[in-house]
Each structure stands twice: as structure tokens, then as C-alpha cells.
Amino acid sequence: QVQLVESGGGLVQAGGSLRLSCAASGRTFSISAMGWFRQAPGKEREFVAAISWTGGITNYADSVKGRFTISRDNARKTAYLQMNSLKPEDTAVYYCVANRYGGVADQPYEYDYWGQGTQVTVSS
């Protein structure tokens with residue numbers, strides 16, 4: 001099993017920045033990729049970004065390209081999501097995810113482990 005704990009969410013004004021962190025523990029050697037999904041009230045869960053654990057391959061949703069950057073620190077077993085130029089439509093609960101196979105996939109069913117989520121609110 002792998003446990004994921006997110007941190008770094010909060011309230012920010014439009015145009016501002018936040019950095020989310022996701023610390024992994026447990027059988028982390030089994031991780032193929034980590035990433036982030038988000039879910040806004042009344043909407044379906046949406047892919048945000050993913051990164052492979054070894055090769056640094058990344059994948060981004062079109063809605064965040066050029067504004068968000070995903071990275072990882074293997075030694076710290078932590079993934080990060082740097083979010084710049086935030087917009088009110090970025091408001092959502094952000095979930096950290098990890099998988100054992102499938103790489104930087106963009107579908108929820110491709111991920112085996114999910115964190116509890118952290119709230120990001122962007123005010124206009």
C-alpha cells in the first residue's frame with residue numbers, strides 16, 4: 001500500500017500562486033507515476049497533471065498548460081504542483097494520486113492510490 005498526504009491548499013486571489021505538496025509513504029518503490037486531479041462542486045473529477053517517478057515525463061491538462069508545473073523529489077518521496085496565474089475556475093478540491101502501472105495517464109481509473117484532498121479557492 002501507498003499513503004498520500006497533500007498539503008499547501010488555501011485561499012488566494014486571482015492571479016496569485018500556490019504550491020501543493022504530496023508526500024508518499026509505504027511501498028513507494030512500487031510507484032510508476034504521481035499526479036493531481038481536481039473536483040469542483042457539481043462537476044466531475046478532472047485530470048490536472050502527472051509525472052513519471054523515474055524519467056520525469058510529464059502530462060498536463062490543456063486548461064493548466066503554461067500555468068501549472070508538476071515536479072517530484074525522489075529522495076523526499078514528494079510530488080509538487082506549482083500553480084501560477086490562478087483563476088477562479090481553478091477552485092476545487094485537489095487530489096494527489098499515484099499508480100503502479102500506466103505511467104502519466106489522465107483517467108481516474110488508471111490510479112491506484114488517492115489522497116484525501118486539499119481545498120484550493122481562488123477569489124475574483
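Now for a description of the structure that goes with this document. Nothing here was measured: the structure is a model prediction, and the numbers come from that model.

Definitions and cut-offs
Residues numbered from 1 in each chain as written. Predicted model: local features only at pLDDT ≥ 70, side-chain atom pairs only at ≥ 80, totals over all residues. Heavy atoms only, no water. Helix = DSSP H or I, 4+ residues; strand = E, 2+ residues; numbered from the N terminus. Rg over C-alpha atoms; globule rule 2.2 N^0.38 Å. Buried < 20%, exposed > 50% of the residue type's maximum accessible area, 1.4 Å probe, protein only. Pairing = 2+ DSSP bridges. Axes fitted to C-alpha atoms, helices over the stretch in contact; angles between N-to-C directions. Disulfide = S-S within 2.5 Å.

**Remarks on the overall build of the protein**
Thought 1: Helix and strand counts for the protein stand at 0 helices and 11 strands.
Thought 2: In the protein, the order of α-helices and β-strands from amino to carboxyl end is β-β-β-β-β-β-β-β-β-β-β.
Thought 3: Scaling as 2.2 N^0.38, a compact globule of 124 residues should have a C-alpha radius of gyration of about 14 Å, and the protein matches this with 13 Å.
Thought 4: With the C-alpha coordinates of the protein rotated into their principal frame, the extents come out at 40 × 30 × 25 Å.
Thought 5: The buried share of the protein, reckoned over its 124 residues, is 44%.

**Considerations on the sheet that holds strand S8 (residues 78–83)**
Thought 1: Taking strand neighbours across the sheet as the criterion, the 4 strands line up as S1-S3-S8-S7 in an open arrangement whose pairing is antiparallel. The sheet terminates laterally at strand S1 (2–7) and strand S7 (68–73), the two strands that pair on one side only. Averaged over neighbouring strand pairs, the angle between their axes works out to 20 degrees when direction is ignored.
Thought 2: Relative to S8, S7 runs antiparallel, the two sharing 6 bridges. The residue of S8 that forms the bridge with Phe-68 is Met-83.

**Focus on the state of the cysteines**
Thought 1: Tallying each qualifying case throughout the model produces 1 disulfide.
Thought 2: Covalently, Cys-22 is tied to Cys-96 through a disulfide, its sulfur atoms 1.9 Å apart. The S-S bond linking Cys-22 to Cys-96 shows a torsion near -85 degrees; that makes this disulfide left-handed. Residue Cys-22 is located in strand S3 (residues 18–26), and its partner Cys-96 is located in strand S9 (residues 92–99); the two are separated by 74 residues in the primary sequence.

**Thoughts on unusual backbone geometry**
Thought 1: Within the chain, Lys-77 stands out as a residue other than glycine whose phi angle is a positive 55 degrees.
Thought 2: Located in the positive-phi region is Ser-85, a residue other than glycine, with phi close to 50 degrees.
Thought 3: Take Ser-85: it is sitting in the loop between S8 and S9.
Thought 4: Here Ser-85 falls in the partly exposed class, since its relative accessible area comes to 41%.

**Side note on the environment of Phe-29**
Thought 1: Relative to the helices and strands, Phe-29 is located in the loop between S3 and strand S4 (33–39).
Thought 2: On a C-alpha basis, the gap between Phe-29 and Val-2 in space is 9.3 Å, while along the polypeptide they are 27 residues apart.

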